[in-house]
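Residues per chain are reported as follows:
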Amino acid sequence: MYPTINYVPKMGGESDQPPERQLVDLEKLEAGGYMRVVHHAGERGYHIKLVLNDEEAVSLFVWNDKVFRGENTLARSYGVIPIEEIEVDEEEGDRLVAEGSYELKDGVLTLRIEKSYDEGVKTGEFRYRLRLKGVKEYISKKHGHSLRPEYFLMVVR
């Protein structure tokens, strides 16, 4: 259904996502629509949730706010997730950071921050060329066997 990265896992184990949903190739995926940025309690960075359709989204994790300042950075894809996972659980300490729209086409991710709820995140448009750095494979307490593509996000001027 979605383009995938050709990667042969080196480890095994149970996972909460099949490999083809974890290894979605964002350089080849074409999508656009609503997006939101969420900070989950206990994490240093931000999850950028890109809505694909009424049932699914892609979650990109960034370790810092460089992506919202138009600077090169690194992102980790958590693959295709159920749409419910874009919701913010304030009781758990999560917070909504920003909302807007996005476009992913020809390996370029355009983020349009239209509403910001955090003084460190400015509204505006940010364009990045995605380049696959590699796939991190590990066992997560939360997700089990994890295959997480990491991308360099390089500013497009």
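Everything that follows concerns the structure shown earlier in this document.
Computed from a predicted model, the values in this text were never measured in an experiment. (Residues numbered from 1 in each chain as written. Predicted model: local features only at pLDDT ≥ 70, side-chain atom pairs only at ≥ 80, totals over all residues. Heavy atoms only, no water.)

## Notes on the overall build of the protein
Per the secondary structure count, the protein includes one helix and eight strands. For the protein, the N- to C-terminal ordering of α and β elements is α-β-β-β-β-β-β-β-β. Taking 2.2 N^0.38 as the reference for a compact globule, 157 residues should give roughly 15 Å; the C-alpha atoms of the protein span a radius of gyration of 15 Å, in line with that estimate. Over its C-alpha atoms, taken along the principal directions, the protein stretches across nearly 40 × 40 × 30 Å. Here the protein holds 157 residues, and 48% of them are scored as buried. Within the protein, counting contacts between residues at least 6 apart in sequence, those at least 24 apart form 53% of the total. Taken together, the 23 basic and 29 acidic charged side chains of the protein have centroids lying 8 Å from each other. (Helix = DSSP H or I, 4+ residues; strand = E, 2+ residues; numbered from the N terminus. Rg over C-alpha atoms; globule rule 2.2 N^0.38 Å. Buried < 20%, exposed > 50% of the residue type's maximum accessible area, 1.4 Å probe, protein only. Contact = heavy atoms within 4.5 Å. Lys, Arg positive; Asp, Glu negative; His and termini not counted. Charge placed at Lys NZ, Arg CZ, Asp CG, Glu CD.)

## Notes on the sheet that holds strand β7 (residues 124–140)
Either a parallel or an antiparallel arrangement is found when strands of a sheet pair, and the pairing is made through backbone hydrogen bonds. The sheet built from eight strands closes into a barrel, its strands ordered β1-β2-β3-β4-β8-β7-β6-β5 with antiparallel pairing. On average, each strand axis in the sheet is inclined to that of its neighbour by 35 degrees, with strand direction left out of account. (Pairing = 2+ DSSP bridges. Axes fitted to C-alpha atoms, helices over the stretch in contact; angles between N-to-C directions.)

## Topic: the environment of Phe61
Along the chain, Phe61 turns up in strand β3 (residues 56–62). Taking the C-alpha atoms as reference points, Phe61 and Gln17, 44 residues apart in sequence, are found 17 Å from one another. If near-sequence neighbours (up to four positions away) are discounted, Phe61 is found in contact with Glu43, Gly45, Tyr46, His47, Leu74, Ala75, Arg76 and Tyr78.

## Some details on the pairing of β7
Where strand β6 (residues 108–116) and β7 come together, six bridges link them in antiparallel fashion. Paired with Arg112 across the strands is Glu125, a residue of β7. Joining the antiparallel neighbours β7 and strand β8 (residues 144–155) is a turn of three residues.

## A word on the packing of aromatic side chains
This structure, assessed with the given rule, holds three aromatic pairs. Note on Tyr46 and Phe68: the rings are 5.4 Å apart at their centroids and 85 degrees apart in plane angle, and the pair reads as edge-to-face. Here Tyr46, found in strand β2 (residues 46–51), pairs with Phe68, found in the loop between β3 and β4 (73–82); they are 22 residues apart in sequence, far enough to count as distant. For the pair Tyr46 and Phe68, a shared accessibility class is recorded, and that class is buried. The interplanar angle of 75 degrees and the centroid separation of 6.5 Å between the aromatic rings of Phe61 and Tyr78 together place this pair among those described as edge-to-face. Taken as a pair, Phe61 in strand β3 and Tyr78 in strand β4 lie far apart in primary sequence, 17 residues in all. Across the pair, exposure class does not vary: Phe61 and Tyr78 are buried alike. Feature note: the residues Phe61, Trp63 and Tyr78 constitute an aromatic cluster, connected by ring pairs. (Phe/Tyr/Trp six-rings, centres within 6.5 Å; stacked < 30°, edge-to-face > 60°.)

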